[in-house]
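Per-entry structural report
For reference, the chains in residue letters:
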Amino acid sequence: MIDLIGNFIIAADAWTGNIQNEMDARYVEQSSLTDLFTEHKFWGWAGLLSIFLAIAAIFYFQFQAWEQEDQEQEKLTSKQKEFVEFLQKASNQSKGKN
């Protein structure tokens with residue numbers, strides 16, 4: 001019984017292997033992206049470089065915008081500056097009394 005099951009598994013494996021080999025033999029790559037790098041190397045690499053530069057520019061300008069927003073938030077209004085000076089004077093006076 002075990003031999004029968006083993007023979008069945010071997011036969012099924014061979015049958016599925018034949019189907020896979022037949023499929024692989026008929027498959028032909030039809031990718032225009034692959035053609036860009038094999039037949040038109042200059043345009044393929046130029047396109048890849050332009051994509052990289054575009055992504056780098058997006059990151060650069062986004063980080064610049066974030067930095068500018070941070071710097072604008074750090075700027076104090078005249079009322080805020082007066083309050084900070086008042087706090088510093090009060091802090092210095094309390095240190096002088098101690």
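Residues numbered from 1 in each chain as written. Predicted model: local features only at pLDDT ≥ 70, side-chain atom pairs only at ≥ 80, totals over all residues. Heavy atoms only, no water.

This part is about the overall build of the protein chain. A tally of helices and strands in the protein chain yields 4 helices and 0 strands. The helix and strand sequence of the protein chain, counted from the amino end, reads α-α-α-α. On the protein chain, roughly 9,600 Å² of surface is accessible, and the fraction owed to carbon and sulfur atoms is 62%. (Helix = DSSP H or I, 4+ residues; strand = E, 2+ residues; numbered from the N terminus. Areas by Shrake-Rupley, 256 points an atom, 1.4 Å probe, with all protein chains shown as cover.)

A grouping of I51, I55, F59, F63 and W66 is seen on the molecular surface, where their side chains present a nonpolar patch of about 540 Å² in accessible area. Along the chain, F59 turns up in helix α3 (residues 41-74). (Patch = residues over 30% accessible without salt bridge, like charges linked within 9 Å, V, L, I, M, F, W, Y side chains within 5 Å. Salt bridge = Lys/Arg side-chain N within 4 Å of Asp/Glu carboxyl O.)

Moving on: a negative patch on the surface. A cluster of acidic residues, E67, E69, D70, E72 and E74, forms a negative patch on the protein surface. Mapped onto the secondary structure, E69 falls in helix α3. (Lys, Arg positive; Asp, Glu negative; His and termini not counted. Charge placed at Lys NZ, Arg CZ, Asp CG, Glu CD.)

Let us now look at the packing of aromatic side chains. One pass over the structure, following the stated rule, counts 4 aromatic pairs. Plain terms: the ring middles of F63 and W66 are 5.3 Å apart, the flat faces sit at 70° to each other, and that makes the pair edge-to-face. In this pair, F63 and W66 both sit in helix α3, 3 residues apart, roughly one turn of the helix. (Phe/Tyr/Trp six-rings, centres within 6.5 Å; stacked < 30°, edge-to-face > 60°.)

Turning our eyes to something else, we now look at the confidence of the model for the protein chain. Here the protein chain shows a mean pLDDT of 77. Residues at 70 or above account for 69%. Taken element by element, the predicted model of the protein chain shows its lowest mean pLDDT in helix α1 (residues 2-26) (61) and its highest in α3 (90). (pLDDT = per-residue confidence, 0-100.)

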